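Architecture and fold: a report
Each chain is listed here by its residues.
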Amino acid sequence: MNIVRDTTEGSLLLADLIGAAHRVVIFTGAGISTESGIPDFRGPSAVWKKMEPIYYDDFVASEDARLEDWRRRFHFNREVAAAEPNIAHRAIAKLVAGGKVTAVITQNIDGLHQRAGVPSEYLIEIHGNATRAACLECDEHHDLAEVEAEIGRTGRAPLCRTCGGLVKAAVISFGQAMPVRAMMRAEHAIQRSDLFVAVGSSLQVQPAASLPMAAKYSGSNLVIVNADPTPLDAIADHVLRGPIGKVFSAL
Ligand code: NAD
């Protein structure tokens, strides 16, 4: 393992590694969006230092939990609407356009990769997307603005207009099953990759954090870009510490 703390050196090394690779997979977490003004879960000013997560079973079982979940979603979506993709989102979109990057796998639910220009066929959102909502029973799409207006009007969490099921933001909550198709797409891209770059993830949330391990075991070079140490640093080929925007500046 090679730890690089100098961000200029890290930036040049990342550019060289990507330049020499043929099929790069980028894997992103909440840390890539903090420089756009969206707080992460486990960084220094993280969300979980202020509130407990709402588990999927609690959302299904409790009207209070659903209302609190919606309150947090609307707050998060206002932060997202005020945010812009940053230098790292844009650099990744450029690498996709240039044919270097075969997949962008993201744990993020903020839609900033799409807004930076990553086409949907290259983007794998393994934790969903907070800018959409759907029925848990029949998967019918529900408009978030309408959901918010309905909660304002009735004080109740909305039910599906088609089947009466619970409507939920289209994100994967703690304790909720992972999306099978997205995970299969991610595994397929990883198996064919020769470089896997994990960016801005504490690599603590499973099964997402197992993806860098899968990349390493299938023969890919593993690079971790993060301000803080992660549990997978020991198996990485290169660990680039420092602010993501600086580390991506040479790209
Ligand atoms: P995390 O919050 O657990 O970890 C983020 C990591 O990024 C931390 O180790 C932190 O030190 C690092 N970091 C933060 N800003 C950085 C910067 N500017 N430069 C370098 N490093 C920086 O994030 P995770 O591993 O993605 O956690 C998992 C969950 O958080 C995911 O399920 C994701 O859906 C959710 N989440 C997403 C968003 C979003 O969509 N923007 C925001 C908050 C949480």
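These lines cover the structure that appears in this document, whether it is placed above or below. As the structure is a prediction and not an experimental result, all values here were calculated from the model. (Residues numbered from 1 in each chain as written. Predicted model: local features only at pLDDT ≥ 70, side-chain atom pairs only at ≥ 80, totals over all residues. Heavy atoms only, no water.)

Examining the pairing of strand S8 (residues 195-199)
Operational definition: Buried, partly exposed and exposed residues are distinguished by accessible area as a fraction of the type maximum, computed with a 1.4 Å probe on protein chains only: under 20%, between the cut-offs, and over 50%, respectively. We count a stretch as a helix when DSSP gives it H or I for four or more residues in a row; a strand needs E for two or more, and each element gets its number in order from the N terminus. Strand pairing requires that DSSP identify at least two bridges connecting the strands.
Counting buried positions along S8 yields five of five residues, so the element is predominantly enclosed. Both faces of S8 are covered, namely the face carrying Leu195, Val197 and Val199 and the face carrying Phe196 and Ala198. In this structure, strand S2 (residues 24-28) lies alongside S8, joined through five bridges in parallel fashion. Bridge pairing in S8 links Thr28 to Val199.

As for helix H1 (residues 7-20)
Put simply, the rule reads: Each helix should span, by expectation, one fewer than its residue count multiplied by 1.5 Å. Each C-beta atom gives one direction from the helix axis, and the arc is the one those directions make. In protein, a polar contact requires one atom able to donate a hydrogen and another able to accept it; more generally it is a pair of N or O atoms within 3.5 Å, and residues adjacent in sequence count only if both atoms are side-chain atoms.
Between its terminal C-alpha atoms H1 stretches 20 Å, which fits the 20 Å expected from 14 residues at 1.5 Å a residue. Within the span of H1, buried status applies to Thr7, Gly10, Ser11, Leu14, Leu17 and Ile18. The buried residues of H1 occupy an angular sector of 130 degrees when projected down its axis, which confines them to one face. Projecting away from the buried face of H1 at angles above 90 degrees are the exposed residues Thr8, Asp16, Gly19 and Ala20. Near the N-terminus of H1, the side chain that reaches the backbone nitrogen of Thr8, with its oxygen 3.0 Å away, is that of Asp6.

Brief notes about the sheet that holds strand S6 (residues 141-142)
Stated precisely, the cut-off is as follows: By the convention used here, residues are in contact when the closest approach between their heavy atoms is within 4.5 Å. Throughout, an axis means a line fitted to C-alpha atoms (over the contacting stretch in the case of helices), and angles, computed between N-to-C directions, take values from 0 to 180 degrees.
Strand order in the open sheet formed by three strands is S6-S5-S7, with antiparallel pairing between adjacent strands. In the strand order of this sheet, the two ends are held by S6 and strand S7 (167-171), each with one partner. Relative to S6, strand S5 (residues 128-135) runs antiparallel, the two being bridged by two bridges. Paired with Ala134 across the strands is His141, a residue of S6. Each of S5 and S7 touches helix H3 (residues 63-82); the most contacted strand, S7, lies at about 45 degrees to it. Lying on the sheet, helix H6 (residues 144-154) is in contact with S5, S6 and S7; it crosses S5 at an angle near 65 degrees.

Focus on the site of the ligand
What counts, and what does not: Residues are counted as near a molecule or strand when any one of their heavy atoms sits within 4 Å of it. Computed with the Shrake-Rupley method and a 1.4 Å probe, the accessible areas treat only the protein chains shown as cover for residues. The split of the chain into domains comes from an automatic or database domain assignment.
Taken together, 29 residues form the shell around the ligand, and within it Phe41, Gln107, His127, Ser202 and Asp228 come nearest. Take Asp110: an N or O atom from its side chain is 2.8 Å from a nitrogen atom of the ligand. A distance of 3.4 Å separates an oxygen atom of the ligand from a polar atom in the backbone of Gly200. Taking 860 Å² as the accessible area of the ligand by itself, protein coverage stands at 94%. Split by domain, the residues of the shell around the ligand number at least three in each of domain 1 (1-38 + 84-127 + 178-251) and domain 2 (39-82 + 129-171).

A look at the packing of helix H7 (residues 180-191) against helix H8 (residues 210-217)
Inclusion rule: Orientation labels follow simple angle bins: below 35 degrees gives roughly parallel, above 145 gives roughly antiparallel, 65 to 115 gives roughly perpendicular, and whatever is left gives oblique. Note: crossing handedness is left-handed where the near helix turns anticlockwise from the far helix by less than a right angle, and right-handed where it turns clockwise. For this scheme, ten residues count as nonpolar: Ala, Val, Leu, Ile, Met, Phe, Trp, Tyr, Cys and Pro. Four count as charged, namely Asp, Glu, Lys and Arg, and the remainder, Gly too, count as polar.
In contact at an axis separation of 9 Å, H7 and H8 are set at 30 degrees when each is read in the N-to-C sense. Relative to H8, H7 is oriented roughly parallel. The hand of the H7/H8 crossing is right-handed. Each of Met183, Ala186 and Ile190 in H7 lies in contact with H8, whose residues at this interface are Leu211, Ala214 and Ala215. Of the residues assigned to the contact of H7 with H8, the class counts are six nonpolar, no polar and no charged.

Notes on the sheet that holds strand S1 (residues 2-4)
Spatially, the seven strands line up as an open sheet ordered S1-S10-S9-S8-S2-S3-S4, and their pairing is parallel. Bordering the open sheet on either side are S1 and strand S4 (123-125), each of which pairs with just one other strand. The mean inter-strand angle of the sheet, taken between neighbouring strand axes irrespective of direction, is 15 degrees. For S1 and strand S10 (residues 238-241), the ladder comprises three bridges, and the chain directions are parallel. Along S10, the bridge assignment pairs Ile3 with Val239. Each of S1, S2, S8, strand S9 (221-226) and S10 is contacted by H1, which is oriented at about 140 degrees to S10, the strand it contacts most. Contacting S2, strand S3 (101-106), S4 and S8, H7 crosses the sheet at an angle of about 135 degrees to S4.

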